[in-house]
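Report on the structure
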Amino acid sequence: MEIKKQTSLKGEIAVPGDKSISHRAVMFGALADGTTRITHFLKGADCLSTISCFRKMGILIEEKDDEVLVHGKGLYGLQAPKSVLDVGNSGTTTRLISGILAGQNFISELNGDASIQSRPMKRIITPLLSMGADITSIKGNGCAPLRISGHPLSAVSYNSPVSSAQVKSCILLAGMYADDVTRVTEPVLSRNHTEIMLRYFGADITSTGTTASISPAPVLKARDIPVPGDISSAAYFIAAGLLTPNSEILIRNVGVNHTRDGILRVCRDMGARITLVNVRQEGEPTADLLVQSSHLHGTTIGGSIIPALIDEIPMLAVMAAFAEGTTIIKDAQELKVKESNRIDVMVNNLKRMGADIEAADDGMIIHGGAPLHGALIDSCMDHRVAMSFAVAGTICNGTMEIKGAECVNISYPSFYEDLYSLGGK
Ligand code: S3P
């Protein structure tokens, strides 16, 4: 993919459905009684992996134009899969489904692509073992493939060392198959879509501070789930609109849950002109975002905001490279265990563009404002890296070439079309 500098980006877009919410709607719908209707479902490769795993466990899932119908069979209605469950590139599928599989009455195996096979699964294996689950990393390296022999579980109160919605959700889902109330406490509150949606399906689930608790054996009832646009996908057009001169972009129907809106808070801190219009509650807080070209300056990003923008750090790193002054990103060690090592991959690729940037153990330090030029970028098949550099290509001088550009399919299949629709070349 080659991207060229833009003089202006103007227009309206509606980004695809939220990835985290789309996954959960399929999973909880499968465990509910009745038919769950999901609108604006994200048909990206990750969420399609979740659909295929539940189909293999006997759940009928119908994909229509902009809706998905999940014919749930209740908490105990899944059937033993006849082959390995393929989670593709999806950490969310792997970690959340493991919590569900730990409480079934059958044996299952999970596996995915090369990236998934190197991502840490001890973070779910340890708490699941403490609940009495039978889960093993088949190669003994703490990663997928995983083998899970399901059976009833014991409740735990787990203090998670990481703020991870995938870990928290895994334990809460296992908690539905436990003998008492299960609690998870995390250092900083991570995205809370599981808590919001499971409560809506009828589970007895409460949150106090950074602790979420769930009572066992809930009777989940099918629901209609309108999925808001993904703020993590909107992030690329927020950045493109702010950094491209003479631009104004209206991004419709974006989820602005406070556990996800760190990008908006940091952008404002950097001097961005972003206005939230038509703020409403549609299951999750939702708004339209009006983004206008802005002169950005550096900032410090760290502490409790990190989980609320963890997936947006690649885009923020690019923004910081174009902003005036220094940006420090810290407390973000988790970047090393995402779809790629996002500290190394962002630092190496931004250096190729001429940026003044250094890696740190928990983030990066970026001295913005150096003139940046197009370069050959290796996305390392990480969707968020590819999209961040596509946006960089609309702003820098010369031509940007992105290797593995097609990996945007993971979370945003129509990304390049949306960029063209605003005038991008
Ligand atoms: C997600 C949680 C986050 C995020 C990922 C989606 C989820 O991961 O990075 O893209 O849907 O729960 P961690 O829980 O590993 O932080």
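These numbers were taken from a predicted model, which means no experiment stands behind them. (Residues numbered from 1 in each chain as written. Predicted model: local features only at pLDDT ≥ 70, side-chain atom pairs only at ≥ 80, totals over all residues. Heavy atoms only, no water.)

Digging into the overall build of the chain
Put simply, the test is: What counts as a helix is a DSSP run of H or I of at least four residues, what counts as a strand is a run of E of at least two, and both are numbered from the N terminus. Only C-alpha atoms enter the radius of gyration; for comparison, a globular chain is expected to reach 2.2 Å times N to the power 0.38, where N is the number of residues. Only protein chains enter the calculation, and the probe is 1.4 Å; a residue is then buried if its accessible area is under 20% of its type maximum, exposed if over 50%, and partly exposed in between. Contact definition: two residues touch when any of their heavy atoms are within 4.5 Å. Only the protein chains shown count as covering a residue, and every accessible area follows the Shrake-Rupley method with a 1.4 Å probe.
Scanning the chain from terminus to terminus reveals 12 helices and 23 strands. Expected size for 425 residues packed as a compact globule is a radius of gyration near 22 Å; at 21 Å, the chain falls within 12% of this value. When the 425 residues of the chain are sorted by exposure, 61% land in the buried category. Counted over contacts in the chain with a minimum sequence separation of 6, partners at least 24 positions apart contribute 75%. As displayed, the chain has an accessible area near 14,700 Å², and 51% of this comes from carbon and sulfur atoms.

Structural notes on helix 2 (residues 45-56)
Rules: What a helix is expected to span follows from its residue count: subtract one and scale by 1.5 Å.
Taking 1.5 Å per residue as the helical rise, helix 2 with its 12 residues ought to reach 16 Å, and the 16 Å between its terminal C-alpha atoms agrees with that figure. Those residues of helix 2 not exposed but buried are Asp-46, Cys-47, Ser-49, Thr-50, Ile-51, Cys-53 and Phe-54. Summarising the contacts, the buried residues of helix 2 are in contact with helix 1 (19-30), strand 4 (60-63), strand 5 (67-73), strand 6 (85-88) and helix 3 (91-101).

Details of the side chain of His-23
What counts, and what does not: Under this definition, polar contacts are N or O atom pairs within 3.5 Å; protein pairs additionally need one hydrogen-donor-capable and one acceptor-capable atom, and for neighbouring residues in sequence, both atoms have to be side-chain atoms.
Within the secondary structure, His-23 is located in helix 1. In this structure the side chain of His-23 is engaged in a polar contact, spanning 2.7 Å, whose partner is the side chain of Thr-50. Sequence-distant contacts of His-23, defined by excluding residues within four places in its chain, comprise Asp-46, Cys-47, Thr-50, Ser-90, Thr-92 and Thr-93.

Some words on the site of the ligand
Which entries qualify depends on this criterion: We call a residue near a given molecule or strand whenever any one of its heavy atoms falls within 4 Å of it. Charged residues are taken to be Asp, Glu, Lys and Arg, nonpolar residues to be Ala, Val, Leu, Ile, Met, Phe, Trp, Tyr, Cys and Pro, and polar residues to be all remaining types, Gly included. Domain boundaries shown here were taken from an automatic or database domain assignment.
Taken together, Lys-19, Ser-20, Arg-24, Thr-92, Arg-95, Ser-164, Ala-165, Gln-166, Arg-191, Ile-310, Asp-311 and Lys-338 make up all the residues around the ligand. Backbone polar atom of Ala-165 to an oxygen atom of the ligand: 3.0 Å apart, as the coordinates give it. Side-chain polar atom of Asp-311 to an oxygen atom of the ligand: 2.6 Å apart, as the coordinates give it. In isolation the ligand has 380 Å² of accessible area, and contact with the protein removes 95% of it. For the shell around the ligand, the secondary structure elements donating two or more residues are helix 1, helix 3 and helix 5 (165-175). Here the shell around the ligand gets 3 residues from one element, more than from any other, and that element is helix 1. Partitioning the shell around the ligand into residue classes produces 2 nonpolar, 4 polar and 6 charged. Residue contributions to the shell around the ligand reach at least three from each of two domains, namely domain 1 (2-16 + 228-423) and domain 2 (19-226).

Quick notes on the packing of helix 4 (residues 122-130) against helix 5
To be explicit about the condition: For helices, the fitted line uses only the C-alpha atoms of the stretch in contact; every axis is such a line through C-alpha atoms, and the angle between N-to-C directions lies from 0 to 180 degrees. Note on terminology: angles under 35 degrees are roughly parallel, angles over 145 are roughly antiparallel, angles of 65 to 115 are roughly perpendicular, and the others are oblique. Here a crossing is taken to be left-handed if its near helix is turned anticlockwise relative to the far helix by less than a right angle, and right-handed if that turn runs clockwise.
Relative to each other, helix 4 and helix 5 sit at 30°, their axes nearing to 10 Å. The pairing of helix 4 with helix 5 is recorded here as roughly parallel in orientation. Crossing hand, helix 4 versus helix 5: right-handed. Of helix 5, the residues touching helix 4 (which contributes Arg-123, Ile-124, Pro-127 and Leu-128) are Val-167, Cys-170, Ile-171 and Ala-174. Of the residues contributing to the contact of helix 4 with helix 5, the split by class is 7 nonpolar, no polar and 1 charged.

Description of the environment of Ile-310
Assignment of secondary structure puts Ile-310 in the loop between strand 18 (300-301) and helix 9 (313-322). Taking relative accessible area as the criterion, Ile-310 reaches 9% and is therefore assigned buried. The spatial distance from the C-alpha of Ile-310 to the C-alpha of Leu-128 is 25 Å, given a sequence separation of 182 residues. Discounting residues that sit within four places of it in the chain, Ile-310 has contacts with Arg-191, Glu-334, Leu-335 and Lys-338.

As for the pattern of salt bridges
Side chains carrying opposite charge are able to pair once their charged atoms draw close together. For clarity, the threshold we go by: Whenever Lys or Arg places a side-chain nitrogen within 4 Å of a carboxyl oxygen from Asp or Glu, that contact is recorded as a salt bridge.
Considering all chains together, one arrives at 21 salt bridges under this definition. Linking Arg-191 and Asp-311 is a salt bridge whose minimum nitrogen-to-oxygen distance equals 3.3 Å. Residue Arg-191 is found in the loop between strand 11 (182-185) and helix 6 (193-201), and its partner Asp-311 is found in the loop between strand 18 and helix 9; the two are separated by 120 residues along the sequence. Overall, Arg-191 belongs to the buried group, its relative accessible area being 10%.

Focus on empty space enclosed by the protein
Formally: The definitions used throughout rest on a 1 Å grid laid over the protein atoms alone, on which a cavity is an enclosed set of points accommodating a 1.4 Å probe that cannot get out and a pocket is an open set flanked by protein within 12 Å on both sides along at least five of seven lines; lining residues are those having an atom within 4 Å of a point. Grid points are joined across faces, edges and corners, and a volume is the space filled by probe spheres set on the points.
Overall, the coordinates contain 1 cavity of 30 Å³ or more when judged by the stated rule. Estimates place the volume of the largest cavity at around 40 Å³. Lining of the largest cavity is provided by Asp-18, Ile-21, His-193, Pro-228, Gly-255, Val-256, Asn-257, Arg-260 and Glu-284. For the lining of the largest cavity, the class distribution of residues is 3 nonpolar, 3 polar and 3 charged.

Details of the sheet that holds strand 4
We apply this condition: By definition, two strands form a pair when at least two bridges between them are found by DSSP.
The mixed open sheet is built from 4 strands, whose spatial order is 4-5-3-14. Each edge of the sheet is formed by a strand with only one pairing partner; in this case those strands are strand 4 and strand 14 (224-226). Going from strand to strand, the sheet's axes swing by 15° on average, the running direction of each strand aside. In terms of strand pairing, strand 3 (residues 33-39) meets strand 14 through 3 bridges, oriented parallel. The partner of Ile-38 across the bridge, within strand 14, is Ile-225. Each of strand 3, strand 4, strand 5 and strand 14 touches helix 1; the most contacted strand, strand 5, lies at about 35° to it. Helix-sheet contacts for helix 2 involve strand 4 and strand 5, and the interaxial angle to strand 4 is about 145°.

Some remarks on the pairing of strand 17 (residues 284-292)
With 7 of its 9 residues buried, strand 17 lies for the most part within the structure. Summarising the sheet, strand 15 (residues 248-255) and strand 17 pair through 6 bridges and their orientation is antiparallel. The residue bridging Glu-248 from the neighbouring strand is Gln-292, located in strand 17. Across 8 bridges, the pairing between strand 16 (residues 273-282) and strand 17 is antiparallel. Of the residues in strand 17, the one forming a bridge with Ile-274 is Val-291. The turn joining strand 16 and strand 17, which pair antiparallel and follow one another in sequence, is formed by 1 residue; a positive phi near 85° is taken by Gly-283.

Section: the layout of surface pockets
Of the voids in this model, the largest pocket is the one considered here, and its volume is about 620 Å³. In terms of lining, the largest pocket is formed by 38 residues, of which the most central are Ser-163, Ser-164, Ile-310, Glu-334 and Lys-338. Counting only elements with at least two residues in the lining of the largest pocket, the list comes to helix 1, helix 3 and helix 5. Across the lining of the largest pocket, the residue classes break down as 10 nonpolar, 12 polar and 16 charged.

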